[in-house]
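The residues making up each chain are set out below.
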Amino acid sequence: MPPRPIRLAVFAAALALTALSVPAARAADGEWTAAPASGGGSRPSGDGRPYFYLEGAPGSVLEDRLSLTNPTARPLTLRLRGAAAYNTATGAFAVRSGADPWLALASAEVRIPPRTRADVPFAVTVPAGAAPGDHPAALVASDGGREAGVRVQVRVAGPVLPALTVEDVRVDKGRSLIRYALVNRGNTTLAPSLAVHADGLFGQPLRRPARPLPVELLPGQRVELTEPWRSPPALDRVEVRLTVTAAGAARSEATASAVFVPWSPVAGAGCVAAGAGAALWIRRRRRRADLDAPEVPEPVSELEMTGAAS
């Protein structure tokens, strides 16, 4: 296998050979696009690949092509880089600012003539000591005013372990939400599904069967998500149970308790009860004071006093 500098020189030559004309009608789209080239990677040949999927053993070099299309009537210069991927705190797919050392493009900058497509070769060099499983990345193209990325899913051969847990479940009664965290503890990318149940003293106020979540959880990532609960019970003590599943992973459950009390009526009733209690206390104090007071003889008239003295 030739060393990488020779490979990249071959890539650069291939770049010049793979520039293809695009029909003028595509100019109506108005913006340049980036996508996997037709028939590359580990997938069968054909258009419409949503992302790159490359698989190989540690120490291998994997190759594919990025297709850049300029449908406009002016030349376009795009800057290219490879970047490692991660999940944001809320589960979105994002790329890091630095370059991914596994990814090498034939050119860091490509000039594309009007109404033309350029296929840019790139290589993924899997380190000899790479851990098995998925290593998500992306190819990012930018022209100064716009940036677009194409996902690169690299799977290193070896044992895979899908592992998913749900943690830190809590009920946010002020915002009518159930908050929770999902953690990918395995080495494969997961598409989780969630089921939600709540059991109370007076019934089951919430029961939602399992459904796919709009998130793709990357290996080693933790995301904070919410589940709306727009009609919680007015008065009850409930236990909320969340169950998550994903292909190949064991089911995980977590629970949280919450007490719902209609505080406005309770506060009003409390004020009435407090007032009645205070009135009763005052009455009892007054009665006790009357009983404990010393006995005072009844007063006599002055005339009677004078007569007694005589």
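Residues numbered from 1 in each chain as written. Predicted model: local features only at pLDDT ≥ 70, side-chain atom pairs only at ≥ 80, totals over all residues. Heavy atoms only, no water.

A word on the confidence of the model for the protein. Residues of the protein with pLDDT of at least 70 account for 72%, and the chain-wide mean is 82. Note on residues 42-46: pLDDT under 50 across the span, and 9 contacts to partners over four residues away in sequence or across chains. Note on residues 295-310: pLDDT under 50 across the span, and 1 contact to partners over four residues away in sequence or across chains. (pLDDT = per-residue confidence, 0-100. Contact = heavy atoms within 4.5 Å.)

Attention shifts here to the packing of aromatic side chains. Going through the model one piece at a time under the given rule, you end up with 2 aromatic pairs. Ring geometry for W229 versus F260: centroids 5.5 Å apart, planes at 75°, classification edge-to-face. You can see W229 sitting in the loop between β16 (222-228) and β17 (236-246) and its partner F260 sitting in strand β18 (residues 249-260), a full 31 residues away along the chain. Assigned by exposure class, W229 and F260 land together as buried. Over the ring of W32 we find R146, and its NZ or CZ is 4.2 Å from the ring centre. For K173, the ring lying beneath its charged end belongs to F260, and the centroid distance is 5.8 Å. (Phe/Tyr/Trp six-rings, centres within 6.5 Å; stacked < 30°, edge-to-face > 60°. Helix = DSSP H or I, 4+ residues; strand = E, 2+ residues; numbered from the N terminus. Buried < 20%, exposed > 50% of the residue type's maximum accessible area, 1.4 Å probe, protein only. Lys NZ or Arg CZ within 6 Å of the ring centre and 35° of its normal.)

Now for the sheet that holds β16. Pairing is antiparallel in the open sheet, where 3 strands are placed in the order β12-β13-β16. The strands lining the two open edges of the sheet, one partner per strand, are β12 (164-172) and β16. With direction set aside, neighbouring strand axes in the sheet form an average angle of 25°. (Pairing = 2+ DSSP bridges. Axes fitted to C-alpha atoms, helices over the stretch in contact; angles between N-to-C directions.)

With that settled, the discussion passes to the sheet that holds strand β14 (residues 193-200). Overall, antiparallel pairing links the 4 strands, which are arranged β15-β14-β17-β18 in an open sheet. The outermost strands of the open sheet, each flanked by one partner alone, are β15 (203-212) and β18. Strand-to-strand, the axes of this sheet are offset by a mean angle of 15°, without reference to chain direction. In terms of strand pairing, β14 meets β15 through 6 bridges, oriented antiparallel. Residue pairing in the sheet places S193 in a bridge with P212 of β15.

To continue, consider a nonpolar patch on the surface. Together, L201, F202 and L235 make up a nonpolar patch on the protein surface, roughly 390 Å² of accessible area in all. Note on placement: F202 falls in the loop between β14 and β15. Classification of F202 by relative accessible area gives exposed; the value is 65%. (Patch = residues over 30% accessible without salt bridge, like charges linked within 9 Å, V, L, I, M, F, W, Y side chains within 5 Å. Areas by Shrake-Rupley, 256 points an atom, 1.4 Å probe, with all protein chains shown as cover. Salt bridge = Lys/Arg side-chain N within 4 Å of Asp/Glu carboxyl O.)

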